[in-house]
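One letter stands for each residue in the lines below.
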Amino acid sequence: MILDCAIIGGGPAGLTAGLYTTRGGLENVVMFEKGMPGGQITQSSEIENYPGVTGEISGMDLMMPWPEQCQKFGLKHEMVEVKRISKDGDIFKIHKEDGSISQAHSVIVCTGSSPRRAGFAGEDELLGKGVSTCATCDGFFYKGKEVAVIGGGDTALEEALYLAKICSKVYLIHRRDSFRAAPNTVKRVENSENIELILNTTPEEVYGDNMGVVGIKVKNSDGEIRDIKAPGVFVFVGNDVNNQTLIQEDGSFLCDVSKQGDIIVDISMKTSVEGLFAAGDMRIAAPKQVVSAAGDGAVAALQAISYVDEKLN
Ligand SMILES: Cc1cc2nc3c(=O)[nH]c(=O)nc-3n(C[C@H](O)[C@H](O)[C@H](O)COP(=O)(O)OP(=O)(O)OC[C@H]3O[C@@H](n4cnc5c(N)ncnc54)[C@H](O)[C@@H]3O)c2cc1C
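Residues numbered from 1 in each chain as written. Predicted model: local features only at pLDDT ≥ 70, side-chain atom pairs only at ≥ 80, totals over all residues. Heavy atoms only, no water.

Q: What exactly am I supposed to notice about the sheet that holds strand 14 (residues 225-229) here?
A: Paired through backbone hydrogen bonds, the strands of a sheet run either parallel or antiparallel to each other. The strand order across the open sheet built from three strands is 12-13-14, with neighbouring strands paired in antiparallel fashion. Among the strands making up the open sheet, the edge pair consists of strand 12 (201-209) and strand 14. Averaged over all neighbouring strand pairs, the angle between strand axes comes to 25°, with direction disregarded. (Pairing = 2+ DSSP bridges. Helix = DSSP H or I, 4+ residues; strand = E, 2+ residues; numbered from the N terminus. Axes fitted to C-alpha atoms, helices over the stretch in contact; angles between N-to-C directions.)

Right under this line is the structure:
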């Protein structure tokens with residue numbers, strides 16, 4: 001059987017694509033998700049910026065009803081890791097970890113992205129409990145409080161400036177003596193009254209209590225340790241797009257990608273390959289938010305429906 005649509009990844013983008021494709025009339029739609037559906041937001045202990053959701057809610061609780069809603073309209077979920085997506089003529093092949101292959105007329109790839117870890121003690125354990133990789137998501141939790149930012153590139157500096165508008169003070173910790181960011185951004189950071197630059201310094205350990213992060217210990221190039229009391233620690237040391245499924249046997253990508261590996265799409269979430277769509281955090285210029293990932297999933301699904309309708313009828 002050839003699927004009408006294969007959805008790769010079951011985060012907010014993939015689940016929304018699943019809802020819209022099935023409810024919009026596509027019949028054989030399978031979402032291939034290697035773990036439990038929900039995506040990376042399930043790691044967050046609190047999400048405050050999903051529209052219409054008031055009160056305290058964890059990422060896990062936010063995502064809990066999404067798969068059930070999709071199943072109601074016929075979305076099938078196969079719990080398997082997809083190794084590669086290829087195209088043979090106008091049929092896509094989904095190569096799975098168990099060696100089997102599924103075929104599909106259209107594919108929506110929504111495998112997200114993974115913020116890189118800096119690798120200091122406590123970072124993983126306190127992720128989502130004071131350690132964050134997203135100022136738009138979590139900055140507001142620290143309104144009027146002090147926070148630490150780790151990193152020295154454009155993202156770290158832009159996010160430090162964003163946080164400086166909300167927080168009383170931002171400690172910007174960078175392992176080198178100068179920044180790799182655009183000169184104008186560096187100037188704005190240097191001129192900011194509530195950003196303290198801590199250069200030639202690396203994080204040693206973030207520590208907390210049962211309420212979350214309490215502070216972070218950092219070490220400078222002379223070996224001196226400084227203990228910074230800050231309930232929020234933001235890590236911006238890079239981001240990897242989960243684009244591995246699009247890499248072909250010869251090492252090329254199935255569709256066009258940016259220098260950073262983001263999937264290039266137009267405003268309809270169409271990639272450079274007919275019938276292949278990308279949605280959510282993995283697409284170029286993604287705001288990396290649940291609401292935008294869900295929006296992308298809906299756009300991609302509506303396009304996939306048109307594509308399959310035109311192809312089969
Ligand atoms: C700790 C934390 C807090 C956050 N807080 C907020 C917040 O407050 N507000 C907000 O809007 N956003 C927040 N975000 C960002 C938000 O989670 C992401 O923007 C959103 O989840 C992106 O959705 P997505 O569907 O594109 O990708 P993801 O959520 O990353 O989902 C991708 C899915 O694809 C699956 N997958 C990957 N590769 C394969 C494969 N080869 N085969 C099968 N399945 C695969 C993964 O298992 C995953 O489930 C937060 C993120 C984190 C980590």
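Still more ground to cover, so stick around.
Q: Which parts of the structure should I look at to understand the site of the ligand?
A: Around the ligand, the structure places 29 residues, and the nearest of them are Ala-13, Glu-33, Asn-49, Asp-281 and Val-290. Within the backbone of Ala-13, an N or O atom sits 2.9 Å from an oxygen atom of the ligand. Measuring from a nitrogen atom of the ligand, one finds a backbone N or O atom of Lys-34 at 3.2 Å. Notes on the ligand: free accessible area 1000 Å², of which the protein chains cover 94%. Looking at the shell around the ligand, its residues break down into 11 nonpolar, 13 polar and five charged. (Near = heavy atom within 4 Å. Polar contact = N/O pair within 3.5 Å; in protein donor to acceptor, adjacent residues only side chain to side chain. Areas by Shrake-Rupley, 256 points an atom, 1.4 Å probe, with all protein chains shown as cover. Nonpolar A, V, L, I, M, F, W, Y, C, P; charged D, E, K, R; others polar.)

Q: I'm lost on the pairing of strand 15 (residues 232-235) in this one. Help?
A: For a regular strand, the rule is simple: side chains alternate between the two faces of the sheet. What you see with strand 15 is no split at all: Gly-232 and Phe-234 on one side and Val-233 and Val-235 on the other are buried throughout. In terms of strand pairing, strand 8 (residues 131-132) meets strand 15 through two bridges, oriented parallel. In the sheet register, Val-131 faces strand 15, and the bridge partner there is Val-233. Pairing between strand 9 (residues 146-150) and strand 15: four bridges, direction parallel. Its bridge partner being in strand 15, Val-147 is matched across the sheet by Gly-232. (Buried < 20%, exposed > 50% of the residue type's maximum accessible area, 1.4 Å probe, protein only.)

Q: Is there a simple way to think about empty space enclosed by the protein in this case?
A: If you roll a probe as big as a water molecule over the atoms, it shows you where there is empty space left. By the definition in use, this model includes one cavity of 30 Å³ or more. Looking at the largest cavity, its volume works out to about 50 Å³. Contributing to the lining of the largest cavity are Leu-15, Met-31, Pro-37, Pro-67, Cys-70, Gln-71, Leu-75, Lys-76 and His-77. For the lining of the largest cavity, the secondary-structure elements that each account for two or more residues are helix 3 (65-72) and strand 3 (76-79). Among the elements that line the lining of the largest cavity, the one with the most residues is helix 3, at three residues. When the residues that make up the lining of the largest cavity are grouped by side-chain class, the tally is six nonpolar, two polar and one charged. (1 Å grid on protein atoms, 1.4 Å probe; cavity = no way out; pocket = protein on both sides within 12 Å on 5 of 7 lines; lining within 4 Å. Points joined across faces, edges and corners; volume = space filled by probe spheres on them.)

Worth remembering: the numbers are spatial, not functional.
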